[in-house]
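Descriptive analysis of the structure
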Amino acid sequence: MNSPLINVMSAAAIKAGKGLLRDFGEVDNLQVSRKGPANFVTQSDIRTEKLLQRELNKARPGYGFLMEESGEIPGKDLSHRWIIDPLDGTSNFIHAIPYFCISIGLEKREHDKSEIIAGVIFDPIHNELFSAEKGKGAFLNNRRLTVSSRNTLEDAMLTMGAPRPSQGPDMFPLFHSLAQCGATLRDFGAAALDLANLAAGRIDACLMPLIQPWDIAAGLLLLQEAGGIATSLDGAPADIHSCPLLAGNRHVHASLQKLLLKKTA
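Notes on the structure follow. By convention here, each chain's residues receive numbers from 1 onward along its written sequence. At least 70 in pLDDT is required for a residue's local features to be given in this predicted model, at least 80 for side-chain atom pairs to be given and counted, and no such filter applies to totals for whole chains, interfaces and linings, which use all residues. No hydrogens and no water enter the side-chain calculation; it runs on all heavy atoms of the structure.

1. Details of the pairing of strand β7 (residues 113-123)
- Partly exposed describes any residue whose relative accessible area lies between the buried limit of under 20% and the exposed limit of over 50%, with all areas from a 1.4 Å probe on protein chains only and scaled to the type maximum. For the purposes of this entry, the term helix denotes a DSSP run of H or I that reaches at least four residues, the term strand denotes a run of E that reaches at least two, and both are numbered from the N terminus. Within β7, eight of the eleven residues are buried, leaving the element largely enclosed by the surrounding structure.
- The pairing of strand β6 (residues 101-110) with β7 spans nine bridges and is classified as antiparallel. Looking at the pairing, E110 lines up with K113 of β7.
- Pairing between strands requires that DSSP locate at least two bridges from one strand to the other. From the end of β6 to the start of β7, which pair antiparallel, there are two residues, and H111 there has a positive phi angle of about 55 degrees.
- Sheet topology places β7 next to strand β8 (residues 128-133); six bridges connect them, and they run antiparallel. Residue D123 lies in a different strand from β8, and its bridge partner there is E128.

Spelled out as structure tokens, the structure:
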């Protein structure tokens, strides 16, 4: 049985997902704007964000928001904030590639400390709803999740944001080293959905060079509740502001950490 909180978040994500599915079938008619290099926004992003804000505000009036398109909107309740990516994987979406999602995390702040206490990631193409509450486990359509048990880089499936010069030169030799060690490398183009699939054991690790809080808020909780680990590149425990981010099951994460240390020594 889902909690009332997860029910609220799930209902909002599923309702918003219907609009994305409709728009995904009309990709030739999408209105697309460029925010920066390889960074786009569509009317679908904006409509979805407004719908999520409306539905969540209706269910939990007073909570604040941090959203990809609208930024931060403070609420009367200073201890709770929704962190939303209305369409993670926008570039995939506008090219009719079916790998994108809606991500909703709920942050609780007390005494200058914050933590994500609930998260939902919805993949409308495959009708897969990932959800987690702190201390209560991670689930996919109500089936409990656990990270994979693969323990070598040679057997691992890794996702890694494609290295770009703006992200620093260290990413290029690391990308090459991972390929040489035999790991299977992919760049699927949607960080939130990568973390959800990591929690589900489909992926073994993720290296994310350039991310924002809304990309990872829900996914970090999913991963932790599924038994995985996420850190910054120096090994410090990850939070929503960690960038770059290294995440994985404990075996593959440890191997990647050793490789990173060698490359930065």
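Here the narrative resumes.
2. A closer look at the sheet that holds strand β10 (residues 143-144)
- Strand order in this open sheet of eight strands is β4-β3-β5-β6-β7-β8-β9-β10, and the pairing throughout is mixed. Edge positions in the sheet fall to β4 (71-73) and β10, since each has one partner strand and no second.
- Bridge analysis of β8 against strand β9 (residues 138-140) gives three bridges, and the strand direction is antiparallel. Opposite S131, over in β9, you have F139 as the bridge partner.
- Docked against the sheet, helix α1 (residues 4-24) engages β5 (77-88), β6, β7 and β8, running at close to 45 degrees with respect to β7. Contacts were defined at the residue level, with two residues in contact if any of their heavy atoms lie within 4.5 Å. Only the stretch in contact is used when fitting a helix axis, every axis being a line fitted to C-alpha atoms; angles between N-to-C directions are given from 0 to 180 degrees.

3. Re the pattern of salt bridges
- Definition used for salt bridges: Asp or Glu carboxyl oxygen within 4 Å of a side-chain nitrogen of Lys or Arg. Evaluated as defined, the whole model comprises twelve salt bridges.
- With its nearest N and O atoms 3.9 Å apart, the salt bridge here joins E133 to K136.
- What makes E133 buried here is its relative accessible area of 13%.
- The class for K136 is partly exposed, based on a relative accessible area of 49%.
- Each member of the salt-bridge network shares a partner with another, and the members are E72, R81, E107 and R109.

4. Observations regarding the nonpolar core
- Think of a nonpolar core as a cluster: buried Ala, Val, Leu, Ile, Met, Phe, Trp, Tyr and Cys residues, connected wherever their side-chain atoms sit within 4.5 Å. One finds I121, F130, L145, L193, M208, L222 and L245 to be the most contacted residues of the largest nonpolar core, which totals 39 residues.
- Counting only elements with at least two residues in this core, the list comes to β7, β8, β9, α5 (191-199), β13 (205-208), α6 (213-225) and β15 (245-248).
- Per-element accounting of this core gives the leading share, eight residues, to α6.
- Not counting residues up to four positions away in its chain, the partners in contact with M208 are A191, D194, L195, I216, P244 and L245.
- Listed in part, the 29 residues of the second largest apolar core include M9, F65, M67 and L106.

5. Structural notes on the pairing of β13
- Because side chains alternate across β13, one face comprises the buried residues A205 and L207, and the other comprises C206 and M208, equally buried.
- Two elements, strand β11 (residues 157-160) and β13, share three bridges in a ladder whose sense is parallel. Paired with T159 across the strands is C206, a residue of β13.
- When β13 meets β15, the two strands line up antiparallel, connected through four bridges. Looking at β15, one finds that M208 is bridged to L245.

6. Here we look at the environment of H241
- The residue H241 is located in the loop between β14 (229-231) and β15 in this model.
- The exposure class of H241 is exposed, given its relative accessible area of 57%.
- Residues H241 and P213, 28 residues apart in the sequence, show an inter-C-alpha distance of 5.7 Å.

7. Comments concerning the packing of aromatic side chains
- For Phe, Tyr and Trp, rings pair up if their centres lie within 6.5 Å, where Trp contributes its six-membered ring, and each pair is then called stacked (planes under 30 degrees apart), edge-to-face (over 60) or tilted (otherwise). Tallied over the entire structure, the rule returns five aromatic pairs.
- Between Y63 and W82, the ring centres sit 5.7 Å apart and the planes meet at 40 degrees, which makes this aromatic pair tilted. Of the two residues, Y63 is situated in strand β3 (residues 63-67) and W82 in strand β5; the sequence distance between them amounts to 19 residues.
- For Y63, a relative accessible area of 14% puts it in the buried group.
- With 5.0 Å between their ring centres and 90 degrees between their planes, F93 and F100 make a pair best called edge-to-face.
- With a relative accessible area of 0%, F93 lands in the buried category.
- The class for F100 is buried, based on a relative accessible area of 0%.

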